[in-house]
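Observations on chain architecture
So the chains spell out like this:
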Amino acid sequence: MFLGIDVGTSAVKALLIDDNSVTIAEADVPLSVSNPHPFWSEQNPTDWWDATCQSIDKLKSENPVALAATRAIGLSGQMHGATLLDANDAPLRPAILWNDGRAKRECDELDAALPDLGQTAGVATMPGMTAPKLIWLKKHEPDVFAKIKTVLLPKDFIRLCLTGEKVTEMSDAAGTLWLDEESRCWNPAAVAASGLSMDQLPKLVEGSSVTGKIRRELATRWNMKPGVIVAGGGGDAATGGIGVGAVRHGDGFISLGTSSQIFVASDKYRPRPEELLHSFAHAIPAQWFQMAVLLNGASCLSWAANLLGEKDISALLSRTENQHRAPSDVIFLPYLNGERTPHNDPYARGVFFGLGSDTTREMMVQSVLEGVAFALSDAQSRLHAAGTHCDLPGVIGGGARSRYWIQLIANIMGTPLARYEGATKGPAFGAARLGRLALTKEAVEDVCQKPAIDEVIEPDMAHYSTYQPRFAKFKRIYSALREEFTPT
């Protein structure tokens, strides 16, 4: 058995797979996000560890034999989170998350200090990245900054708790702005420009490398054999790719989770920061990927359902689909947490445009689904501008449960989309595969095979044509409001 642990934003997921990549058991423990000030987004690292322990405890309770047979563990996690530890390896403050927008001015300072950083780091300087957060901390919380012994990423804090080792791997390090993506090593100039020294960063390995062994007391707690290894793992985008077999040049997928991504694997490093794309190291050696990153995805649907007092999202989607006759008269900007591709605007916010006295909750939900699809289409245009294409991306993540939504996305993007078997397993599944690779040293292609395709959803090109004027209006509304979003 191989155990994958994914430290997400909304939950920690633990998943067991067997030697045939069949999921044997899984458990989720929810997490909450703190927003103490506008544009802030934080979580307590100890909450991640508590949720990790609870999720594995659940596996032990429900599948003790399977868990006891665990041979290796792989880790995945939300990227970019600044997890700050003191000399005793205790968190100094809540971690600052990927969707935190407080460090916009610090991005400008970093760009002034290192004008060519985007070419080295694979992405334009953005507030969600780790480096500008440290500059913000040095300026606004100097007492905390002075006590920093180590900076870790979320999944790597879990590794520390599991093994006692301070290690990260290429795909998660890629999101810090401190990695030289092409050479796959830390960039001392970027580290120094953030006010840090190299000894405050963890060791770098590949995602399929062994990073340590589980602590003896934890092996006893979960009835595992001593010496179970922990692999490097990956950032959640890369482990999502590992999970759906996106390991060869041109393989790709759309992730429709809390946030959204369009991911395309690459055999070379191809930076295009001017298109606001992320060109990052993959979680397997000698591979990279390009990605259009959206800070909002299926979370918009959850937010809307909660706002409307709808507890059964499946029933809400069914009603919306049954009443869908044409593009919604309401246009929704899905920028609840700002946006990266194609705007790099941490201040952008969600907007319902065109509400009337006849607007129903189903019309509003339809506009939310369409708004996320418009944002994906907008991001896809940047990939195409960079010469990056994927013939048949699969859709993964929680939003993949809705065929109706995937059909809407296909119609608006004008792109065929695949529905995979087990598409909602996501990054934890990929993490488990990396655990296996670290243990067995098998060929990546033998382990990271694509899942079976349940269905290929073709775009309805008549609907595509109908949606294009709405898509153009969607973009004009954002352009008209961009200056209004910026705080005074």
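Read on for an overview of the structure. For clarity, every value in this text was computed on a predicted model and none was experimentally measured.

1. Quick notes on empty space enclosed by the protein
If you walk through the whole model with that rule in mind, you get two cavities of 30 Å³ or more. Of the volumes computed, that of the largest cavity is approximately 70 Å³. Lining the largest cavity are 14 residues, and of these Pro-127, Gly-128, Leu-295, Arg-340 and Pro-346 sit closest to its centre. Residues of the lining of the largest cavity, tallied by class, amount to five nonpolar, five polar and four charged. Of the volumes computed, that of the second largest cavity is approximately 60 Å³. Here the residues of the lining of the second largest cavity sort into seven nonpolar, two polar and one charged.

2. Thoughts on helix 16 (residues 427-440)
Between its terminal C-alpha atoms helix 16 stretches 20 Å, which fits the 20 Å expected from 14 residues at 1.5 Å a residue. Judged by how many residues are buried, helix 16 sits mostly within the fold: 11 of 14 residues are covered. For helix 16, the full list of buried residues reads Ala-428, Phe-429, Gly-430, Ala-431, Ala-432, Arg-433, Leu-434, Gly-435, Arg-436, Leu-437 and Ala-438. Lys-441 occupies a position one or two residues after helix 16 and carries a positive phi of about 60 degrees.

3. Examining the pairing of strand 23 (residues 417-420)
Across two bridges, the pairing between strand 22 (residues 394-396) and strand 23 is parallel. When the sheet's bridge partners are listed, Gly-394 is paired in strand 23 with Ala-418. Handedness of the crossover is the feature at issue here: the chain leaves strand 22, passes through helix 15 (residues 403-413), returns alongside strand 23, and the resulting connection is right-handed.

4. Here we look at the sheet that holds strand 16 (residues 252-256)
Taken in spatial order, the seven strands make up an open sheet running 18-19-17-16-22-23-24, and their pairing is mixed. Sheet topology places strand 18 (278-281) and strand 24 (453-457) at the edges, where each strand pairs with a single neighbour. In this sheet, adjacent strand axes meet at a mean angle of 30 degrees when their direction is disregarded.

5. Regarding unusual backbone geometry
Residues Thr-341 and Pro-342 are joined by a peptide bond in cis, for which omega reads 5 degrees. In this fold, Pro-342 is placed in the loop between strand 20 (331-333) and strand 21 (351-353). Despite not being glycine, Asp-89 has its phi angle at roughly 65 degrees, a positive value. On the accessibility criterion, Asp-89 (28% relative accessible area) is partly exposed. At Ala-286, a position not held by glycine, the phi torsion is positive, near 60 degrees. One can find Ala-286 in the loop between strand 18 and strand 19 (288-294).

6. Here we look at a nonpolar patch on the surface
Together, Leu-392, Ile-453 and Val-456 line one region of the surface with nonpolar side chains, adding up to about 210 Å² of accessible area. Of note, Ile-453 is situated in strand 24. For Ile-453, a relative accessible area of 41% gives the class partly exposed.

7. Section: the packing of helix 12 (residues 298-307) against helix 13 (residues 313-323)
For the pair helix 12 and helix 13, interaxial distance at closest approach is 11 Å and the crossing angle is 95 degrees. With respect to helix 13, the element helix 12 is oriented roughly perpendicular. For the pair formed by helix 12 and helix 13, the contact residues are Leu-301, Ser-302 and Ala-305 on the first element and Ile-313, Leu-316 and Leu-317 on the second. Here the residues of the contact of helix 12 with helix 13 are counted per class, giving five nonpolar, one polar and no charged.

8. A short note on the packing of helix 14 (residues 361-385) against helix 18 (residues 461-485)
As a packed pair, helix 14 and helix 18 sit with axes 10 Å apart at the nearest point and diverge in direction by 80 degrees. What the angle tells us is that helix 14 and helix 18 run roughly perpendicular. Residue-level contacts link Gln-366, Glu-370, Gly-371, Phe-374, Ala-375, Ser-377 and Asp-378 of helix 14 to Tyr-467, Arg-470, Phe-471, Phe-474 and Lys-475 of helix 18.

About the criteria used
Residues numbered from 1 in each chain as written. Predicted model: local features only at pLDDT ≥ 70, side-chain atom pairs only at ≥ 80, totals over all residues. Heavy atoms only, no water. 1 Å grid on protein atoms, 1.4 Å probe; cavity = no way out; pocket = protein on both sides within 12 Å on 5 of 7 lines; lining within 4 Å. Points joined across faces, edges and corners; volume = space filled by probe spheres on them. Nonpolar A, V, L, I, M, F, W, Y, C, P; charged D, E, K, R; others polar. Helix = DSSP H or I, 4+ residues; strand = E, 2+ residues; numbered from the N terminus. Expected span 1.5 Å × (residues − 1). Buried < 20%, exposed > 50% of the residue type's maximum accessible area, 1.4 Å probe, protein only. Pairing = 2+ DSSP bridges. Right-handed = clockwise from strand over helix to strand, strands pointing away. Axes fitted to C-alpha atoms, helices over the stretch in contact; angles between N-to-C directions. Patch = residues over 30% accessible without salt bridge, like charges linked within 9 Å, V, L, I, M, F, W, Y side chains within 5 Å. Areas by Shrake-Rupley, 256 points an atom, 1.4 Å probe, with all protein chains shown as cover. Salt bridge = Lys/Arg side-chain N within 4 Å of Asp/Glu carboxyl O. Parallel < 35°, antiparallel > 145°, perpendicular 65-115°, else oblique. Contact = heavy atoms within 4.5 Å.

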